[in-house]
Amino acid sequence: SGRSEGSTSSQLAAVRHWVLVRSVQGTVVLIVICPLATVTWGVISPSLFSLWTSLALLWAIAAAVTVIGLPIQESLQHVSNSLYYALAGFDGERSSDMYGDVDGASRG
């Protein structure tokens, strides 16, 4: 496909570096900066506590939907193609409609 192994390796190293830097930044923000910003609030009221726990719950639900949903969405076309092929049978006529004719010859 025109890609050399060296360029792929260097691309992966660059992506790995980007992910590590962003992960450290996110960790510092969530573990250090956010709690320091709330120190001035003192003891929070029960209603503010409820708000924060609701936000945490919504964040967890959004994360779960993302972590579960994106891989499903990414592979949905492959799964549906496989199911179609399995349910339509293994004859060349039906499967060639979906997958195309490999050798380029038309069947008739």
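The written sequence of each chain sets the order in which its residues are numbered from 1. A pLDDT threshold of at least 70 governs which residues receive local features in this predicted model, and a stricter bar of 80 or more applies before side-chain atom pairs are shown or counted, although totals over entire chains, interfaces and linings include all residues. Excluded from the side-chain calculation are hydrogens and water; included are all heavy atoms of the structure.

Moving on, we get to the overall build of the chain. Check the secondary structure of the chain and you find three helices and zero strands. Helical segments are the DSSP runs of H or I of at least four residues, strand segments are the runs of E of at least two, and each set is numbered from the N terminus. Its helices and strands taken in sequence order, the chain reads α-α-α from the N to the C terminus. Here the term buried applies to any residue with accessible area under 20% of the maximum for its type, exposed to any over 50%, and partly exposed to those in between, with areas from a 1.4 Å probe on protein chains only. Looking at the chain as a whole, 4% of its 108 residues qualify as buried. For every accessible area listed, the method is Shrake-Rupley and the probe measures 1.4 Å; residues are considered covered only by the protein chains on display. Element-wise, carbon and sulfur atoms account for 68% of the exposed surface of the chain, whose accessible area totals about 9300 Å².

Its 43 residues place the ends of helix α2 (residues 46-88) 59 Å apart at the C-alpha level, agreeing with the 63 Å of an ideal helix rising 1.5 Å per residue. The term bend refers to the angle at a residue between two fitted axes, each drawn through seven residues, those ending there and those starting there. Of all the bends in α2, the greatest measures close to 50° and is centred on Ser75. Take the number of residues in a helix, subtract one, and multiply by 1.5 Å to get its expected span.

In low-pLDDT regions, the fine details of the predicted coordinates are not to be read closely. For every residue, the predictor reports its confidence as pLDDT, a number between 0 and 100. When the pLDDT values of the chain are averaged, the result is 82; 77% of them are 70 or greater. Within the chain, the lowest mean pLDDT, 52, falls on helix α3 (residues 92-99), and the highest, 91, falls on α2.

Here we come to the environment of Val29. With respect to the helices and strands, Val29 occurs in helix α1 (residues 5-37). With residues up to four places along the chain from it excluded, the contact list for Val29 reads Cys34 and Pro35. The contact criterion used throughout is that any non-hydrogen atoms of two residues lie within 4.5 Å.

Let us now look at the packing of aromatic side chains. Here the aromatic set is Phe, Tyr and Trp, taking the six-membered ring for Trp, and pairing holds for ring centres within 6.5 Å; pairs whose planes are under 30 degrees apart are stacked, those over 60 apart are edge-to-face, and all others are tilted. A complete count under the given rule lists one aromatic pair for this structure. Plain terms: the ring middles of Trp41 and Trp52 are 5.9 Å apart, the flat faces sit at 40° to each other, and that makes the pair tilted. Taken together, the positions of Trp41 in the loop between α1 and α2 and Trp52 in helix α2 put the pair 11 residues apart, joining distant regions of the chain. You can call Trp41 partly exposed: its relative accessible area is 40%.

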